[in-house]
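Now for the letters of each chain:
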Amino acid sequence: MKVLLVGGGGREHAIAKAILRSNYSAELFAYLDIANPGITRVASDYSLGSLNDIASLAVYAERIKPDIVIFGPEVCLAGGAVDVLESKGMRCLGPTRAQARIESDKSFMRNFMKRYVGRGSPRWRVVRDANEVREFLALYPNAVIKPFGLTGGKGVKVLGRQLHTHEEAMAYANELISRDGGCLLEERVLGEEFSLMVFTDGKRLCPMPLVQDYKYAHEGDTGPMTGGMGSYSDSSHLLPFVTQKDFDNALSIMNDVIRNLSQLTKTPYRGVLYGQFMKTEHGPILIEFNARFGDPEAINVLALLETDFLELCLSIAEGEMVDRVHFRHQATVCKYLVPKGYPDQPMANIPVLVPEFLLHSLNPEIYLASVNESNGIIFTTKSRTLALLAVAATPWEAKRIVDETLNSWNPEGLYYRRDIPRLGGMSQG
Ligand code: GLY
């Protein structure tokens, strides 16, 4: 079976491992924007190209003739890669362009939620001029300002965190209005964040274990926002601060979204939907959707997946998802190591000398991300370098495994957050 994986980060390294664990004895092909050796070393062939360049992806896919194409990053989904490849008769794990708007167009997402779900949103307004911004900020002085489009997790700014004064908030909103014709303003909601990802064939949902992701670059949830510095999950598949009722409420929102998005687009949503929720005193509030696996969250959950990953992906792409998806009841902790200075002034092209024992270690396990390789040595780029994942009976034990490894390695040129996960249940809102 030929599998084409799209994307070259840590999430895609986790997907590649899950593909190669499958009983289908898959032959792996990859289309990626960076030659991540974690993927290229195990692939039969790969093609380097921009993830925005759907035409190049299509040319490569037509050459390979894969049995299924599995997507990691959002940019190709938002660009319509699934529409193009399906029109050429290929099976895909990922939503169409119209469905991926649930992630790529925040104005669409909030209007869709209002019309079809009717719950789970904070107060929000799409603003098109400075007066509308001023009105909203007068009502909600701690607003969140969001660009409509994709930002790699880095364009959202919160008054009271990245924006310190009313004037700074006005200036940022006006900048987005000039650039995009508008932006989304939301009331800031306080609480603990959690990620709920589901597999779906457009008719049914199979939830994955909940994960908590740490987005801020520095310890104590300070500094700039990143794609994610680390994450953890618990053996119960819930999180210590999320009750079964919270989980059921969040899942029912996801259910309504998938059902209505499939009806609206007249196409079943086939792939992964990721809801980023804030647990508040009034229940879970949806912060945003992603039309794909989270990164690093995919690293946590795919390590626990017991169901054959390719069987699952094929069943989704064919529109009849397997009845049950099983995950091991163990806890996980994932920590990303990033170039010093990440994300604003990352030190690129620094050699990373991974100790030999770690290259072969199963627990913690290493996942390579945005790295280049030359003469057998890997070098940092401007993005996240590699992740370590530990699996254990409890998050505390998994954290200990990762921390002990990092203490003995002391990776030069790289930075990681020692305080991930903070298991005391502190607010990240
Ligand atoms: N971890 C956040 C994301 O994947 O967008």
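Just so it is clear, the model here is predicted, and its values are computed rather than measured.

Each value, and the rule that gives it
Residues numbered from 1 in each chain as written. Predicted model: local features only at pLDDT ≥ 70, side-chain atom pairs only at ≥ 80, totals over all residues. Heavy atoms only, no water. Pairing = 2+ DSSP bridges. Helix = DSSP H or I, 4+ residues; strand = E, 2+ residues; numbered from the N terminus. Axes fitted to C-alpha atoms, helices over the stretch in contact; angles between N-to-C directions. Parallel < 35°, antiparallel > 145°, perpendicular 65-115°, else oblique. Contact = heavy atoms within 4.5 Å. Nonpolar A, V, L, I, M, F, W, Y, C, P; charged D, E, K, R; others polar. Buried < 20%, exposed > 50% of the residue type's maximum accessible area, 1.4 Å probe, protein only. Polar contact = N/O pair within 3.5 Å; in protein donor to acceptor, adjacent residues only side chain to side chain. Salt bridge = Lys/Arg side-chain N within 4 Å of Asp/Glu carboxyl O. Near = heavy atom within 4 Å. Areas by Shrake-Rupley, 256 points an atom, 1.4 Å probe, with all protein chains shown as cover. Core = buried A, V, L, I, M, F, W, Y, C linked by side-chain atoms within 4.5 Å.

1. Overview of the sheet that holds strand 19 (residues 371-374)
- In spatial order, the strands read 17-20-19; together these 3 strands make up an open sheet with antiparallel pairing. Of all the strands in the sheet, just strand 17 (351-352) and strand 19 have a single pairing partner and so form its edges.
- As paired strands, strand 19 and strand 20 (residues 377-380) are joined by 4 bridges and run antiparallel to one another. Across the sheet, the residue bridging to V371 is T380, located in strand 20.

2. Considerations on the packing of helix 6 (residues 97-104) against helix 7 (residues 106-117)
- Closest axis-to-axis distance for the helix 6/helix 7 pair is 6 Å, and the angle between their directions is 95°. On the basis of their axis angle, the class for helix 6 and helix 7 is roughly perpendicular. Here R101, I102, E103 and S104 of helix 6 come into contact with helix 7, specifically with K106, F108, M109 and F112.
- Tallied by class, the residues present in the contact of helix 6 with helix 7 amount to 4 nonpolar, 1 polar and 3 charged.

3. As for the side chain of T332
- Tracing the sequence through the fold places T332 in strand 16 (residues 331-339).
- Take T332: its relative accessible area is 0%, and that puts it in the buried class.
- A distance of 2.6 Å separates a polar atom in the side chain of T332 from a polar atom in the side chain of S233.
- A distance of 2.9 Å separates a polar atom in the side chain of T332 from a polar atom in the side chain of N300.
- Those residues in contact with T332 that lie beyond four places of it in its chain are S231, Y232, S233, N300, L304, L389, A390, V391 and A398.

4. Here we look at the pattern of salt bridges
- In the structure shown here, the tally under the stated rule is 30 salt bridges.
- For K203, the salt bridge goes to E320, with nearest N and O atoms at 2.7 Å. You can see K203 sitting in the loop between strand 10 (192-200) and strand 11 (205-207) and its partner E320 sitting in the loop between helix 12 (309-317) and strand 16, a full 117 residues away along the chain. An identical accessibility class is assigned to K203 and E320; each is exposed.
- R384 is the salt-bridge partner of D295, the closest N and O atoms lying 3.4 Å from each other. Note that D295 is positioned in the loop between strand 15 (283-290) and helix 11 (297-302) and R384 in the loop between strand 20 and strand 21 (386-392), a separation of 89 residues in sequence.
- By relative accessible area, D295 is classed as buried at 10%.
- For R384, a relative accessible area of 11% corresponds to the buried category.
- A single salt-bridge network, built from bridges that share partners, covers D221, R417, D419 and R422.

5. Side note on the site of the ligand
- All residues adjacent to the ligand are D213, G227, Y274, N290, R292, G294, D295, P296 and E297.
- N290 is positioned such that a nitrogen or oxygen atom in its side chain is 3.5 Å from an oxygen atom of the ligand.
- Between E297 and the ligand, the recorded distance is 2.9 Å, taken from a side-chain N or O atom to a nitrogen atom.
- About the coverage of the ligand: the protein hides 88% of its 200 Å² of free accessible area.

6. Describing the nonpolar core
- Counting residues in hydrophobic clusters, the biggest one holds 126 residues, and the most contacted among them are F71, F199 and F309.
- The element best represented in this core is helix 10 (residues 244-265), accounting for 8 residues.
- The residues touching F71, leaving out its near neighbours within four places in the chain, are V6, I15, L57, C76, L77, A81, V82, L85, C92 and L93.

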